[in-house]
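Survey of secondary and tertiary structure
Listed below are the residues making up each chain.
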Amino acid sequence: MDDESTGTTAEPAQQKKVARWRRAVRRGLWTLAALLTLVVLTAGAGFGTLVVRGSGSPDRSIRSSGQDAYWLGHAWVDGRKTQADVDALATQLTGTGMRDLFVHAGPYADDGTLDPALRPRAAWLVKALHTALPEVRVQAWLGNVLADDRMDMSSAATRARVLTGVDGILADGFDGVHYDFEPSANDDQNFVDLLAATRAKTRAHQALLSVATPRVELLPGLGLATGLSPVYLQWTPDYMRQVAGHVDQIAIMAYDSGLPSEKAYAGYVRRQTEVALTAVPDDVTLLIGAPAYHDKKINRYDGAETVSASITGVQLALAGTSRRIGLALYVDFDATPADWAAYEQGWSRKA
């Protein structure tokens, strides 16, 4: 995900130049990592194999099971959105299968503090959405950049301040906390500790704990190869399973693969889903992130990574299984009518 999830929402003028430079560096790393992934997939998992696996005939009767999610930007809590926007969103979502809305309510500061001034309309929004969409849960999307010069997850003091921020989020009435800390390294036990402590709080409030995760490693060692870039880490199935033991919901960001073919991307999503199904137990909701965004500086092959291809990959993976999972669309402020039509026609309950 981009700076909406992990960066600042309003930068002082003196920081804008530095922020632009950092974004340029990150995008450059994304490009290098994507190219490296393509090389590894071609030599290891097999580019042609992914094309074949994405070229099958999916069971189009596999539709939303009512567990889908939608990432919503910061405009919903800072005063830019009104009741009319809530009403329009309710019209769009009703009957589709959307169950959770991840509303950007941060980000955390690098020291782990969460400024309530970032979300002046949060309590209003939660009440308005509960009224307009009573079956939908509203979760606070929170995160930051993990780096030596940014947030240090190994700091017990930082993690304690993150938890204090969760108290404020729950007091606002949110139905859950959706963490999105990037890049989140494989086997990071500090992150697992934070999840365990957060879940104790959310459970005490009968709220959810959800986490956005990197892609799952498809072949042993593939995560190490692509992890040479700090922004392109992957998790092993074992670590995904460990994290799943401390949360209610996992949303895998199954995009930015670097694959130039829509069929190869569908095959990639299929494999992501198949491996994730073995790592995430049945009592934890599994969501597969679908790319309803179009930043070609990050997602170079925008025409290959599509919502339609994501749906095809998921349907192929679910054929012959009784397990039903959700689709998570990223992100509302960049989704096009074509993205939404693909979701409605290929997956949602409306079709």
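Residues numbered from 1 in each chain as written. Predicted model: local features only at pLDDT ≥ 70, side-chain atom pairs only at ≥ 80, totals over all residues. Heavy atoms only, no water.

What about the overall build of the protein chain?
- For the protein chain, the count of helices and strands is 12 helices and 8 strands.
- Burial statistics for the protein chain: of 351 residues in total, 55% are counted as buried.
- Just so you have it, the protein chain exposes about 13800 Å², and 54% of that area is on carbon and sulfur atoms. (Helix = DSSP H or I, 4+ residues; strand = E, 2+ residues; numbered from the N terminus. Buried < 20%, exposed > 50% of the residue type's maximum accessible area, 1.4 Å probe, protein only. Areas by Shrake-Rupley, 256 points an atom, 1.4 Å probe, with all protein chains shown as cover.)

What to know about the nonpolar core
- Within the largest apolar cluster, 97 residues are counted, with the highest numbers of intra-cluster contacts made by Trp71, Tyr179, Phe181 and Ile250.
- Sorting elements by how many residues they give to this core places helix H10 (residues 262-279) first, with 9 residues.
- Ignoring sequence-local partners within four residues, the contact set of Ile250 consists of Val211, Thr213, Met240, Val243, Ala244, Val280, Val284, Thr285, Leu286 and Leu287. (Core = buried A, V, L, I, M, F, W, Y, C linked by side-chain atoms within 4.5 Å. Contact = heavy atoms within 4.5 Å.)

Quick word on the sheet that holds strand S5 (residues 208-213)
- Pairing is parallel around the closed barrel formed by 8 strands, whose spatial order is S1-S2-S3-S4-S5-S6-S7-S8. Here the strands of the sheet are splayed against their neighbours by 25 degrees on average, with no regard to which way each runs.
- Where strand S4 (residues 176-182) and S5 come together, 4 bridges link them in parallel fashion. For His178, the partnering residue across the bridge sits in S5 and is Ser210.
- Its contacts with the sheet put helix H11 (residues 307-318) on strand S7 (285-291) and strand S8 (326-330), and the angle it makes with S7 is roughly 145 degrees. (Pairing = 2+ DSSP bridges. Axes fitted to C-alpha atoms, helices over the stretch in contact; angles between N-to-C directions.)

Quick word on the packing of helix H9 (residues 237-244) against H10
- Packing of H9 against H10 brings their axes to within 8 Å, and their N-to-C directions diverge by 55 degrees. Compared by their axis directions, H9 and H10 come out oblique. For the element pair H9 and H10, the recorded crossing hand is right-handed. Only Val275, Thr278 and Ala279 of H10 make contact with H9, whose side of the interface consists of Pro237, Met240, Arg241 and Ala244. (Parallel < 35°, antiparallel > 145°, perpendicular 65-115°, else oblique. Left-handed = near helix turned anticlockwise from the far one by under 90°.)

As for the packing of aromatic side chains
- All told, the structure shown has 14 aromatic pairs when counted by the stated rule.
- For the pair Trp71 and Phe102, a centre-to-centre distance of 5.6 Å together with 55 degrees between the ring planes defines the contact as tilted. Of this pair, Trp71 sits in strand S1 (residues 68-72) while Phe102 sits in strand S2 (residues 98-104), placing them 31 residues apart in sequence. For the pair shown, Trp71 and Phe102 are each scored as buried. (Phe/Tyr/Trp six-rings, centres within 6.5 Å; stacked < 30°, edge-to-face > 60°.)

Brief notes about the environment of Ser210
- Its place among the elements puts Ser210 in strand S5.
- Along the sequence, Ser210 and Asp248 sit 38 residues apart, while their C-alpha atoms lie 5.8 Å from each other.
- Setting aside its immediate chain neighbours within four residues, Ser210 contacts Phe102, Gln139, Val177, His178, Tyr179 and Gln249.

What about the pairing of S2?
- Burial runs high along S2: 6 of the 7 residues are buried.
- The pairing of S1 with S2 spans 5 bridges and is classified as parallel. Residue Asp68 lies in a different strand from S2, and its bridge partner there is Met98.
- Handedness of the S1-helix H4 (residues 83-93)-S2 crossover: right-handed.
- Two elements, S2 and strand S3 (residues 137-145), share 5 bridges in a ladder whose sense is parallel. Residue pairing across strands places Leu101 opposite Val138, the latter belonging to S3.
- Handedness of the crossover joining S2 and S3 through helix H5 (residues 122-132) is recorded here as right-handed. (Right-handed = clockwise from strand over helix to strand, strands pointing away.)

A few points about the pattern of salt bridges
- Using the criterion set out here, one finds 12 salt bridges in the structure.
- Two residues, Arg137 and Asp100, come together in a salt bridge whose shortest N-O distance is 2.8 Å. You can see Arg137 sitting in strand S3 and its partner Asp100 sitting in strand S2, a full 37 residues away along the chain.
- Residue Asp100 is classed as buried on the basis of its relative accessible area of 0%.
- Three or more residues are tied together by salt bridges with common partners; here these are Arg53, Arg270, Arg271 and Glu274. (Salt bridge = Lys/Arg side-chain N within 4 Å of Asp/Glu carboxyl O.)

Examining the environment of Asp180
- Position of Asp180 relative to the elements: it lies in strand S4.
- We classify Asp180 as buried; its relative accessible area is 0%.
- Between the C-alpha atoms of Asp180 and Pro107, which are 73 residues apart in sequence, the distance is 9.6 Å.
- Within the local environment of Asp180, its side chain forms a polar contact with the side chain of Trp141, the two groups lying 3.3 Å apart. (Polar contact = N/O pair within 3.5 Å; in protein donor to acceptor, adjacent residues only side chain to side chain.)

Things to note about the confidence of the model for the protein chain
- Per-residue confidence for the protein chain gives a mean pLDDT of 88; residues scoring 70 or more make up 81%.
- Scored below 50 in pLDDT, residues 8-19 makes 10 contacts in the model with residues more than four places away or belonging to other chains. (pLDDT = per-residue confidence, 0-100.)

Looking at helix H6 (residues 156-171)
- Helix length check: H6 (16 residues) gives 23 Å between terminal C-alpha atoms against 22 Å at 1.5 Å per residue, within 8%.
- The set of residues buried in H6 consists of Thr158, Arg159, Val162, Leu163, Gly165, Val166, Ile169 and Leu170. Projected down its long axis, H6 shows its buried positions confined to an angular sector of 155 degrees, all on one face. Exposed positions of H6 whose direction lies more than 90 degrees from the buried face are Thr164 and Ala171.
- Along its buried surface, H6 packs onto S3, S4 and helix H7 (189-204).
- After H6 finishes, the residue Gly173 shows a positive phi value of roughly 100 degrees. (Expected span 1.5 Å × (residues − 1). Arc of directions from axis to C-beta.)

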